[in-house]
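Commentary on secondary and tertiary structure
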Amino acid sequence: MISFDKSSLIISTYNWPEALRFCLQSVADQKIMPAEVIIADDGSGPETRAVIAAMRPLLSVPLFHVWHEDRGFRKAEILNKAVQRSSGEYLIQVDGDVILHPCFIQDHLLASEPGAFVRGSRARITEARTLELLSSLDTTSSYPSLHAFSPGVYNRFNALRLPWLQSLGERKEMKSRDVRGSNLAYWKADFVRVNGYNNDLQGWGHEDEELAVRFINNSIVKKIVKLRAVQFHLHHEEQPREYEPFHAHTIQKAMSSKIKTCSNGYGRD
C-alpha cells in the first residue's frame, strides 16, 4: 500500500461544471484524502473555473487547475499535462462526471502494488436519477449517499463495496480490454516509462486502453478490483465517435508490434 501523502488524484473534465461539483464534493467526503487534487481541463469555459474556485476551500488538500485552450477533444494531451503538474508517486485518475464512494481513495491505496496498474469498479446512474441529482444543486450543497441499492443505480454489482471479500473480487491479467480512464490508478514512474498518453489520439475513443497496451508490453500487469474502489457514473449522451477506427487501429498496432512507448506523449509538449 502506498502512503496517502505520496498520491495524487487527477480529475479530467470538459464543460460540465455541475457534474464536476458533485465529483469534488465526493472528494471532500473521502475518509482518506490524496496529497493533492489536479483538474485536467480540456478547455472548459469560466463556469468550470468558478466551480473549482468555490470548491477549493472545502478540500483539506491543494486543488490545482491545469487547463489548455479548447481545440477539440484532446483528453490525452491534458492528462499528460496534469501528470506533469503532479507531485505524487502514485496517481489515481477519474473523470469529472463520477461520484466517488467515501472509501474510494482508501481502496485504491490499499490495492496499489509495484508492477501493476489498477482498474476499479464503476456503477451507472440512470438518466432520470441524474437529472434529479443535478436539479438538487439549487437546494442542497451535497448529494444523497449512494450505494448499490440506491434508486436509479444500475450495474448494481459494480456498486457493491465488500472489502472483507476483496480477494473474491480481484484478479490480474495481461490484457488491455475494458480499461477505463474514469477509474484507473498507476505509478507515475510507469507512466513516464511508457511516455504517458498518446497525443496522436485526438477525439473520443480508447486512449486509456492504448495506454494499457503499452503498460502490458512493459510487463506491468492489469489488476482488476471489484467490491471496492467504487464510483457512480452520471448519465450523459455519448461523444461522437468518428475517430474510433483510427484509435482502434493504433491499439491493434501497439498490440501486434509490442510497442512499449509512444513518440508523441508525456515527454513532448
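Below is a summary of the structure that appears in this document.

Here is what the cut-offs are and how they apply
Residues numbered from 1 in each chain as written. Predicted model: local features only at pLDDT ≥ 70, side-chain atom pairs only at ≥ 80, totals over all residues. Heavy atoms only, no water. Helix = DSSP H or I, 4+ residues; strand = E, 2+ residues; numbered from the N terminus. Rg over C-alpha atoms; globule rule 2.2 N^0.38 Å. Buried < 20%, exposed > 50% of the residue type's maximum accessible area, 1.4 Å probe, protein only. Contact = heavy atoms within 4.5 Å. Areas by Shrake-Rupley, 256 points an atom, 1.4 Å probe, with all protein chains shown as cover. Core = buried A, V, L, I, M, F, W, Y, C linked by side-chain atoms within 4.5 Å. Pairing = 2+ DSSP bridges. Axes fitted to C-alpha atoms, helices over the stretch in contact; angles between N-to-C directions.

This part is about the overall build of the protein chain. The secondary structure content of the protein chain amounts to 9 helices and 12 strands. For 269 residues, the compact-globule formula gives about 18 Å, and the C-alpha radius of gyration of the protein chain, at 17 Å, lands near that figure. Burial analysis of the protein chain (269 residues in total) assigns 55% to the buried set. Across the protein chain, contacts joining residues at least 24 apart in sequence account for 85% of those joining residues at least 6 apart. Of the roughly 11,800 Å² that the protein chain leaves accessible, carbon and sulfur atoms contribute 53%.

The next point concerns the nonpolar core. The biggest cluster of nonpolar side chains holds 30 residues, and the ones touching the most others in it are Ile11, Leu24 and Val37. In this view, Val37 contacts Leu9, Ile11, Leu24, Val27, Leu59, Val61, Pro62, Leu63 and Phe64; residues no more than four positions away in its chain are not counted. Core analysis: the next-biggest nonpolar cluster, separate from the first, contains 23 residues, Ala76, Phe117, Val179 and Ile216 among them.

The next point concerns the sheet that holds strand β3 (residues 63-67). An order of β3-β2-β1-β4-β10-β6-β11-β9 is seen for the 8 strands of this open sheet, with the pairing classed as mixed. Both edges of this open sheet fall to β3 and β9 (170-173), since each of them pairs with a single strand only. For this sheet, the mean inter-axis angle between neighbouring strands, taken without regard to orientation, is 20 degrees. Of the pairings in the sheet, the one linking β9 to strand β11 (residues 221-225) comprises 4 bridges and is antiparallel in character. Residue pairing for β11: Lys172 is matched across the bridge by Lys223.

Taken in spatial order, the 4 strands line up as β5-β12-β7-β8 in an open sheet, and their pairing is mixed. Of all strands in the sheet, those bounded by a partner on one side alone are β5 (98-100) and β8 (153-154). The pairing of strand β7 (residues 121-125) with β8 spans 2 bridges and is classified as antiparallel. Opposite Arg124, over in β8, you have Tyr154 as the bridge partner.

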